[in-house]
Structure formats: structure tokens, C-alpha cells
Amino acid sequence: MKIKSNSLKEGVIYSAPLYFHDGINMFLAANHRVSKSHLDILKRWNIPFLVTEGHTVSAKNNDSSNQIDKIIELDDVEELEELDELEELDDIDSNNEKKATFPISYMFAIKTIEAVLDSWNGKQNIDKKHIDEAVEKIRQFVESDKIGALRLVIGNSPDANHYAVSAVDVAILSCVMGLNLDYPKKALNILITAAFLHDIGMKSVPDEILKKKGKLTAEEFEQLKMHSLKSASYATNKLLYSREVADIIAQHHEHWDGSGYPEGRKGSEILKTARIISVADAFDAMISNKSYRNSMIAYEAVKNLLKDKEKCFDPAVLKLFIKCIGVYPVGSYVLLNDGSIAIVSESIANAPFMPQVEIIKNNNSQVIASNKAIKLSEQKNLFIIRGLKTEEVVGEQN
């Protein structure tokens with residue numbers, strides 16, 4: 001259902017999340033009241049309409065919504081303005097045309113880790129409570145809308161520090177796995193915190209090493225390997241996090257077969273939470289743009305992980321990861337055999353090659369706005385031909 005922004009009323013509640021006009025990035029979680037702040041944001045950002053699969057809910061029957069932890073706190077705008085962050089949330093070109101919009105909670109987390117990275121060189125101080133708040137927002141975000149969160153990881157990234165975006169994306173992927181394992185809130189927050197801070201030590205690695213296109217020398221690789229220990233040390237000594245968080249960070253580059261670093265741990269000697277972050281980090285690294293190579297499409301990244309043969313990754317954690325995101329990850333684009341283009345909206349555990357999709361362009365290249373979900377596992381004559389890069393789809397639509 002399409003909702004014109006100028007017709008949205010304050011106090012209204014919807015039974016499903018409200019998405020921006022692109023149908024991908026979430027504006028407001030399900031069962032949350034539309035506030036004046038929400039309306040102001042729509043007006044300020046010139047958002048023409050929102051889309052949802054839900055319906056309006058009676059406010060009388062939904063008083064419990066006030067008890068639900070919010071994932072996108074648009075009332076936090078004042079706090080973001082104090083941090084001089086709000087202007088950076090707007091991605092507008094010189095023609096005043098909106099390029100992309102990302103959830104406030106997602107951008108809050110990215111800006112927080114950017115502040116952590118700046119604190120490394122003493123450019124500014126970072127209050128631990130802001131990190132804890134960002135971690136809480138990530139957990140609530142994933143709990144409320146796992147598919148929306150995964151779409152952020154797979155889709156286009158905001159214009160921000162690469163390591164900050166990667167930190168938040170790895171935290172989201174790790175949280176998804178932790179939720180699947182039924183981790184309680186405290187354990188989830190520890191996992192997310194470690195994922196959030198796992199690469200801050202990269203600030204200690206010289207740019208000539210990070211941007212080198214050729215093979216690193218043995219000495220350069222030794223410098224690079226130190227980042228996990230430096231990240232762990234910074235988390236405890238400067239940010240005052242627990243030894244458990246530091247140990248997870250320190251071990252996220254250990255390998256299942258003992259070939260990793262810094263200690264050469266293997267198998268169950270590696271904390272399970274570190275094994276979770278290891279898989280999430282490897283997947284994110286493959287789908288992210290780097291100076292020395294182009295990003296892979298998510299499907300190719302999954303195939304690469306499956307080729308591991310119990311070298312780097314715990315087979316059980318890898319299986320968990322595939323179960324959570326699918327062979328064709330949620331949020332990735334695919335070409336169907338009838339020539340239409342679809343976006344993967346949900347993975348099917350017992351049919352990993354036949355996920356649920358939403359067709360966004362038919363075989364006549366016409367854009368589809370219905371967002372009707374189709375389970376390929378229930379279709380006899382419709383199947384995936386190949387995965388598509390985001391630029392292939394966006395390029396066609398433009």
C-alpha cells in the first residue's frame with residue numbers, strides 16, 4: 001500500500017513497518033505511533049510517499065506499543081543535531097534530488113563508530129554511553145525488522161567511513177545469528193559490541209598497507225595482524241569494556257583449523273561469538289568495495305564461504321549463517337527465468353536456492369510497485385537464473 005506523505009496523520013499506527021518510497025529502507029517500525037517528528041522528517045527530506053504491507057491499527061487496542069522498545073528513534077533528532085550529525089543523514093545532490101535514505105538508528109550507529117575511530121587519534125573523545133546506545137539500537141532494529149536490517153547490509157552503503165559502515169553491518173549480521181541461537185539480551189549486546197568494535201585497531205595500520213593493491217610483504221602482514229589485539233586493547237583500556245568483549249575481538253581472525261592469528265587457536269578453543277563475527281566479517285568484506293578489488297555480489301560471496309572446507313570457519317556457524325541469510329541473501333537482486341528482476345525478501349530454510357522474492361521489474365522492463373511476495377519453492381515454472389549486482393538494477397531503472 002502506498003501512503004502519500006501529506007496524507008499521513010499524527011498518532012496513526014500501522015500493523016507492519018513503513019518503508020520509504022524506495023520500498024527498502026525502513027522509516028518506522030510496526031506498531032509505533034506516527035509522531036510530529038516523523039511528519040517533520042518527511043517534509044524536510046521531501047519524501048513523496050511511504051509504502052507498507054500493513055493496515056492502520058486502533059490506538060485503543062495498541063497501548064502496549066508504548067512498551068515496545070523503539071528501533072528508530074526519530075525523537076533522537078535533537079540529540080543528533082547536538083552532535084552535528086543530522087545534516088550528514090541527508091544524501092541530496094546538487095539538484096536537490098534525494099539519492100538514498102537510511103534509517104536514523106543505522107546512521108546513528110555509523111556516526112558513533114566514526115566518533116570511536118576519531119577518538120583513536122585524539123581528534124575527539126567518545127562517551128561509552130553513546131556506544132552502548134548504538135549497540136542497543138542495532139539489537140532493537142534487527143529484532144524488529146530482520147529483513148530490513150539485512151537489506152541495509154546487502155544494499156548500497158551511505159557516504160561514510162568504510163570501517164564504520166562495515167562495523168555496523170558486521171554487527172547486524174552477528175546479531176541476526178545470535179537471535180537465531182536464542183541468545184538473551186545481555187549476551188546479544190556483548191556480541192554486538194564486539195562486532196561493533198572489532199576493527200577499530202585498523203586505525204593503527206598505515207594507509208600504504210591498507211591501500212596496497214599487490215601482495216603484502218611478511219613484515220606488512222605482521223603489522224596488519226596486530227590490529228585485532230590493538231582493537232581488543234582499546235576496547236578494554238580506553239573504552240572500559242569487559243575482558244569478554246576484548247577476547248571476542250582478539251579472536252575474530254582465528255581460524256577453525258588453527259591457521260589464523262594472533263594465537264593460532266583452533267576449533268572450540270575459539271570463542272563461539274568470535275567464530276560468529278569471523279563469518280560475518282568475511283562475508284561483509286567480500287561484498288564491500290575495497291581499493292584493491294570490486295565487491296562481489298552477495299550470492300558469489302556465499303558460494304565463496306561454502307568453499308571453505310572447514311579451514312577458516314566453524315562448519316556449524318557457517319551453516320547457521322546460510323540458514324539466516326540464505327544462498328541468495330535477503331536484499332540481493334536476482335534475475336528470474338522469465339526475464340523479470342526481483343529482490344529477495346526472505347530465505348527459506350529448507351529450500352535455500354528458492355527464496356521468497358518480490359518482483360520489482362517485469363519481463364517487459366516495467367517497474368512493479370505491488371511488492372507482492374512470491375515463494376519460488378511453490379512455483380513450478382519460475383526460478384532464479386543468476387544474482388545481479390545492485391548497479392545492474394539501479395542502472396536499468398535510471
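Everything here concerns the structure above.
Keep in mind the model is a prediction, meaning the values are calculated, not measured.

Caption draft 1: Inspection of the pairing of strand E7 (residues 333-336) at higher detail. One ladder, built from three bridges, connects E7 with strand E8 (residues 341-346); its direction is antiparallel. Along E8, the bridge assignment pairs Val 334 with Ala 342. Between E7 and E8, which follow one another and run antiparallel, lie four residues, and Gly 339 among them has a positive phi close to 90 degrees.

Caption draft 2: Highlighting the packing of aromatic side chains. Taken as a whole and judged by the stated rule, the model has five aromatic pairs. A ring pair is formed by Phe 221 and Tyr 261, whose centres lie 6.1 Å apart and whose planes are at 85 degrees; its orientation type is edge-to-face. Of this pair, Phe 221 sits in helix H10 (residues 218-225) while Tyr 261 sits in the loop between helix H12 (243-250) and helix H13 (272-287), and the two are 40 residues apart along the sequence. For Tyr 261, a relative accessible area of 13% corresponds to the buried category.

Caption draft 3: Molecular detail of the nonpolar core. Formed by 89 residues in total, the largest nonpolar core has its most connected members in Tyr 106, Phe 196, Leu 197 and Phe 283. Here this core takes 11 residues from helix H7 (residues 162-180), the largest share from any one element. Not counting residues within four places of it along the chain, the set of residues in contact with Phe 196 comprises Ala 109, Thr 112, Ile 113, Ile 131, Ala 134, Val 135, Ile 138, Ala 167, Val 168 and Ala 171. Listed in part, the 12 residues of the second largest apolar core include Leu 8, Val 12, Leu 18 and Phe 20.

Caption draft 4: Region of interest: the environment of Phe 283. Mapped onto the fold, Phe 283 is located in helix H13. Along the primary structure Phe 283 and Val 302 are separated by 19 residues, whereas in three dimensions their C-alpha atoms are 7.2 Å apart. If we skip the residues at most four places from it in the chain, Phe 283 touches Ile 154, Leu 173, Ala 298, Ala 301, Val 302, Leu 305, Phe 321, Ile 325 and Pro 329.

Caption draft 5: Representation of the packing of helix H4 (residues 104-120) against H7 within the structure. With their axes 8 Å apart at the nearest point, H4 and H7 run at an angle of 125 degrees to one another. With respect to H7, the axis of H4 lies oblique. When you trace H4 past H7, the crossing you get is right-handed. Taking contact as the criterion, the partners of Tyr 106, Ala 109, Ile 110, Ile 113, Glu 114 and Leu 117 in H4 are, on H7, Tyr 163, Ala 164, Val 165, Ala 167, Val 168, Asp 169 and Ile 172.

Caption draft 6: Representation of unusual backbone geometry within the structure. For the peptide bond that leads from Tyr 261 to Pro 262, omega is 10 degrees, which places it in the cis range. Within the fold, Pro 262 resides in the loop between H12 and H13. If you check the backbone angles, Lys 309 has positive phi at about 55 degrees while not being a glycine. Structurally, Lys 309 is set in the loop between helix H14 (298-306) and helix H15 (315-325). According to the relative accessible area criterion, Lys 309 is exposed, its value standing at 72%. Even without being a glycine, Glu 310 presents a positive backbone phi close to 60 degrees.

Basis of the calculations
Residues numbered from 1 in each chain as written. Predicted model: local features only at pLDDT ≥ 70, side-chain atom pairs only at ≥ 80, totals over all residues. Heavy atoms only, no water. Pairing = 2+ DSSP bridges. Helix = DSSP H or I, 4+ residues; strand = E, 2+ residues; numbered from the N terminus. Phe/Tyr/Trp six-rings, centres within 6.5 Å; stacked < 30°, edge-to-face > 60°. Buried < 20%, exposed > 50% of the residue type's maximum accessible area, 1.4 Å probe, protein only. Core = buried A, V, L, I, M, F, W, Y, C linked by side-chain atoms within 4.5 Å. Contact = heavy atoms within 4.5 Å. Axes fitted to C-alpha atoms, helices over the stretch in contact; angles between N-to-C directions. Parallel < 35°, antiparallel > 145°, perpendicular 65-115°, else oblique. Left-handed = near helix turned anticlockwise from the far one by under 90°.

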